[in-house]
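Residues per chain are reported as follows:
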Amino acid sequence: MQAKRRFWRHHSEYRHRRSGVYTGLTMSEKVLEIYLHIPFCERKCAYCDFLSFPAPYDKQEAYVGKLVSEIKCAGELYSDWRVATVYIGGGTPSILPPGAIAKLLYAVKTSFVMQTDAEITMEANPGVMGPEHLQAYRKAGVNRLSMGLQSTDDWELKQLGRLHTYEGFLNCYQSVKEAGFDNVNVDLMFGLPGQTLLTWKNTLKRLALLRPEHLSVYGLSLEEGTQFHAIYTQYPHLLPGEDEERAMYWMAHDYLQEHGYERYEISNFARKGYQCRHNLGYWTDVPYLGLGLGAASYMEGCRWHNIKDLDRYLEITNIGELREDSEPLDEHAHMEEFMFLGLRLDRGVSGYEFLLKFGKNMWDVYGEAIKELEKEELVEIHSPDMRLTRKGVDVSNYVFEKFLFDKE
Ligand code: SF4
């Protein structure tokens, strides 16, 4: 879940104080994406550091009411933008009653101008939704469902602190398909405690048989403040080693490719025609408006986060006061992101798009770095485009750092 936000935070350390704002947008391109954050979960998973927690029902109800107000205010502020995608993430959005999801989407549709073919995704955890919930989500307008499975091995799921079993997921997946969802993502994780190449292969095989339209495949990362961080920084030998972890990644890559999935981003695989439009927007510089607790936004050349304290969020009435860490993105920061995010994509970055966006030749700006990386066989050039090699994918953070202007 929330992969792009994890990635963004990972690179937030590279933000520097800069002057001048660069928006790169024209009126004719005023298309945005909306992210709605639902911070509630039944209980906290052992590896998770997302902004999510259990909360009593009355708090959840109050939160939905407040989020509806925030959506309406934002709709007035951005009335001349068109919404291409909506993503309801968390947390566990499916913990809310279906009526709450309908209320939120109704508020979005009546407050913003929507593209007729808008992609509307909702994250859902197996086990907390029955057929009537699924019908209600569809009726509310959800046309893409993202299910957090992580593994088909019940022992691994237990280690992660997940509440579902594989069988529970299967029953839920069947209901999802019977409800008519024809665009479903399943999240998987590798590099888990006790996981082996054999159990990972088994998970991949089972998913390839189910044939969901999309698979997100992320390596476990130990985030400070989580139970996993406390345990496995002390006992790292209980996790698969680095070589085994990379072998798991490439096993997924090769196996999924053989079974009809194309990798279009480092961690994302899709059957033809089912790439996630919302996430593609993040990686290709489409502005996004994050609404709800802690949600991140990037609009008109500026980034900010909403506050993360639930009680304060519920109290505040002025939308401007919800925002913090507002930071203009200048041309250098914008170029860095263009490179980091674009190189995550399988197609890589386009020199032509760079020129269109910044009015400069990518080779004039980054020629030295590109030459060095090509020599190390970490990128390959198909002029005017550039992409990561297989070796480059394994050390992608090293590659991304080469595109920073201030290397500290
Ligand atoms: S369900 Fe997802 S958001 Fe909630 S605690 Fe688990 S990993 Fe975190």
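For every chain, the first residue of the written sequence is number 1, and numbering continues from 1 along that sequence. Two thresholds apply to this predicted model, a pLDDT of at least 70 for residue-level local features and 80 or more for giving and counting side-chain atom pairs, whereas whole-chain, interface and lining totals are computed over all residues. Each side-chain value is derived from all of the structure's non-hydrogen atoms; neither hydrogens nor water enter the calculation.

**Some words on the overall build of the protein chain**
Phase 1 of the analysis: Summing up its helical and strand segments, the protein chain has 16 helices and 15 strands in all.
Phase 2 of the analysis: It is over C-alpha atoms that the radius of gyration is taken, and the globule rule equals 2.2 Å times the number of residues to the power 0.38. Taking 2.2 N^0.38 as the reference for a compact globule, 408 residues should give roughly 22 Å; the C-alpha atoms of the protein chain span a radius of gyration of 21 Å, in line with that estimate.
Phase 3 of the analysis: Overall size of the protein chain, expressed as C-alpha extent along the three principal axes, is 55 × 55 × 40 Å.
Phase 4 of the analysis: Relative accessibility decides the category of a residue: with a 1.4 Å probe and only protein chains considered, values under 20% of the type maximum give buried, values over 50% give exposed, and everything between is partly exposed. Among the 408 residues that make up the protein chain, the fraction classed as buried is 56%.
Phase 5 of the analysis: Note on contacts: a residue pair qualifies if any of its non-hydrogen atoms lie within 4.5 Å across the two residues. Excluding contacts between residues fewer than 6 apart, the proportion of contacts in the protein chain whose partners are at least 24 apart in sequence is 71%.
Phase 6 of the analysis: Here the protein chain displays about 17,800 Å² of accessible surface, and carbon together with sulfur accounts for 51% of that area.
Phase 7 of the analysis: His is not counted, nor are the chain ends; Lys and Arg add positive charge and Asp and Glu add negative charge. Here the site of a charge means NZ on Lys, CZ on Arg, CG on Asp, or CD on Glu. Positive and negative side-chain charges of the protein chain, numbering 46 and 59 respectively, have mean locations separated by a distance of 3 Å. Helix and strand definitions here come from DSSP, where helices need a minimum of 4 consecutive H or I residues and strands a minimum of 2 consecutive E residues; each element is numbered from the N-terminal end. Residue exposure ignores everything except the shown protein chains as possible cover, and the areas themselves are Shrake-Rupley values with a 1.4 Å probe.

**A word on helix H2 (residues 57-77)**
Phase 1 of the analysis: Every helix has an expected span of 1.5 Å times one less than the residues it contains. In a regular helix each residue adds 1.5 Å, so 21 residues correspond to 30 Å; H2 covers 30 Å between its end C-alpha atoms and thus fits that length.
Phase 2 of the analysis: Listed in full, the buried residues belonging to H2 are Gln60, Tyr63, Val64, Lys66, Leu67, Val68, Glu70, Ile71, Ala74 and Gly75.
Phase 3 of the analysis: Elements in contact with the buried residues of H2: strand E1 (31-38), helix H3 (98-111), strand E9 (288-291), strand E11 (302-306) and helix H11 (310-315).

**Comments concerning the packing of aromatic side chains**
Phase 1 of the analysis: Aromatic rings from Phe, Tyr and Trp, with only the six-membered ring used for Trp, were paired whenever their centres fell within 6.5 Å, and each pair was classed as stacked if the ring planes differed by under 30 degrees, edge-to-face if by over 60, and tilted otherwise. Counting across every chain of the model gives 22 aromatic pairs.
Phase 2 of the analysis: A centroid spacing of 5.3 Å and a plane angle of 40° characterise the contact between Tyr366 and Phe405, whose relative ring orientation is tilted. With Tyr366 in helix H14 (residues 362-375) and Phe405 in the segment after helix H16 (396-401), this residue pair connects regions lying 39 residues apart in the sequence.
Phase 3 of the analysis: On the accessibility criterion, Tyr366 (3% relative accessible area) is buried.
Phase 4 of the analysis: In this structure, Arg138 packs its charged tip against the face of Phe181, placed 5.7 Å from the ring centre.
Phase 5 of the analysis: Seen from the ring of Tyr298, Arg303 lies directly overhead, with NZ or CZ sitting 4.3 Å from the centre. By the criterion adopted, a ring carries a charge over it if an Arg CZ or a Lys NZ lies within 6 Å of its centre and within 35 degrees of its normal.

**Remarks on the site of the ligand**
Phase 1 of the analysis: In the neighbourhood of the ligand, twelve residues make up the surrounding shell, with Cys41, Cys45, Cys48, Gly91 and Asn125 lying closest.
Phase 2 of the analysis: Within the shell around the ligand, the residues separate by chemical class into five nonpolar, four polar and three charged. The criterion for a residue being near a molecule or strand is simple. One of its heavy atoms has to lie within 4 Å of it. In this classification, Asp, Glu, Lys and Arg are treated as charged, Ala, Val, Leu, Ile, Met, Phe, Trp, Tyr, Cys and Pro as nonpolar, and every other residue, Gly included, as polar.

**Quick notes on the packing of helix H12 (residues 331-344) against H14**
Phase 1 of the analysis: Fitted lines through C-alpha atoms give the axes, limited to the stretch in contact for helices. The angle between two N-to-C directions lies from 0 to 180 degrees. At a closest axis distance of 13 Å, the pairing of H12 and H14 adopts a crossing angle of 65°. In terms of orientation, H12 lies roughly perpendicular with respect to H14. The handedness of the crossing between H12 and H14 is right-handed. On H14, the residues touching Met335, Glu336 and Met339 of H12 are Met362, Val365 and Tyr366.
Phase 2 of the analysis: For the contact of H12 with H14, the residue count by class is five nonpolar, no polar and one charged. Any angle that is under 35 degrees is reported as roughly parallel, and any over 145 degrees as roughly antiparallel; angles of 65 to 115 degrees are reported as roughly perpendicular and all others as oblique. In this scheme the crossing of two helices becomes right-handed for a clockwise turn of the near helix relative to the far one and left-handed for an anticlockwise turn of less than a right angle.

**Some details on unusual backbone geometry**
Phase 1 of the analysis: The residue after Gly90, namely Gly91, is reached through a cis peptide bond having omega 15°.
Phase 2 of the analysis: For the bond running from Ser383 to Pro384, omega is 10°, close enough to zero to count as cis.
Phase 3 of the analysis: Within the secondary structure, Pro384 sits in the loop between strand E14 (379-382) and strand E15 (385-388).
Phase 4 of the analysis: Located in the positive-phi region is Asp285, a residue other than glycine, with phi close to 75°.
Phase 5 of the analysis: Of note, Asp285 is situated in the loop between helix H10 (277-283) and E9.
Phase 6 of the analysis: One non-glycine residue, Glu300, lies in the positive phi region at around 45°.

**Observations concerning the pattern of salt bridges**
Phase 1 of the analysis: What makes a salt bridge here is a side-chain nitrogen of Lys or Arg within 4 Å of a carboxyl oxygen of Asp or Glu, nothing more. Tallying each qualifying case throughout the model produces 16 salt bridges.
Phase 2 of the analysis: Across the pair Arg387 and Glu380 runs a salt bridge whose closest N-O atoms are separated by 2.6 Å.
Phase 3 of the analysis: Taking the relative accessible area as the measure of exposure, Arg387 reaches 23% and is therefore partly exposed.
Phase 4 of the analysis: With relative accessibility at 27%, the residue Glu380 sits in the partly exposed group.
Phase 5 of the analysis: Overlapping salt bridges bring together Arg263, Asp346, Glu380 and Arg387 as one network.

**Side note on the pairing of strand E3 (residues 113-124)**
Phase 1 of the analysis: The pairing criterion is simple: DSSP has to find at least two bridges between the two strands. Where strand E2 (residues 82-90) and E3 come together, six bridges link them in parallel fashion. Pairing of Ile88 across the sheet is with Met122, part of E3.
Phase 2 of the analysis: Seen with its strands pointing away from the viewer, a crossover is right-handed if its path from the first strand over the helix to the second goes clockwise. Handedness of the crossover is the feature at issue here: the chain leaves E2, passes through H3, returns alongside E3, and the resulting connection is right-handed.
Phase 3 of the analysis: Summarising the sheet, E3 and strand E4 (residues 144-150) pair through four bridges and their orientation is parallel. The residue of E4 that forms the bridge with Ala124 is Met147.

**Observations regarding the domain arrangement of the protein chain**
Phase 1 of the analysis: Boundaries of every domain are those given by an automatic assignment or by a domain database. Looking at the assigned domains, one finds that the protein chain contains domain 1 (23-283) and domain 2 (332-401).
Phase 2 of the analysis: When each unit is reduced to the centre of its C-alpha atoms, the spacing between domain 1 and domain 2 is 28 Å.
Phase 3 of the analysis: The partner domain 2 presents twelve residues to the 14 residues of domain 1 that form the contact.
Phase 4 of the analysis: Summed over both partners, the accessible area (1.4 Å probe) lost when two parts come together is defined as the buried area. Carbon and sulfur atoms make up 52% of the area that domain 1 and domain 2 hide from each other, which totals about 1,200 Å².
Phase 5 of the analysis: It is Trp250, Ile266 and Trp283 in domain 1 that bury the most area against domain 2; as a group they hold 46% of the surface buried on that side.

**Quick notes on H12**
Residues three or four positions apart in an α-helix share a direction because the helix packs 3.6 residues into each turn.
Phase 1 of the analysis: Across its 14 residues, H12 extends 20 Å between first and last C-alpha, which sits within 8% of the 20 Å expected from 1.5 Å per residue.
Phase 2 of the analysis: In terms of burial, H12 is largely enclosed, as twelve of its 14 residues are buried.
Phase 3 of the analysis: For H12, the full list of buried residues reads Ala333, His334, Met335, Glu336, Glu337, Phe338, Met339, Phe340, Leu341, Gly342, Leu343 and Arg344.
Phase 4 of the analysis: Nitrogen and oxygen atoms within 3.5 Å of one another constitute a polar contact, given that in protein one can donate a hydrogen and the other can accept it, and given that sequence-neighbouring residues count only through two side-chain atoms. Looking at where H12 begins, the residue whose side-chain oxygen comes 3.1 Å from the main-chain nitrogen of His332 is Asp330.

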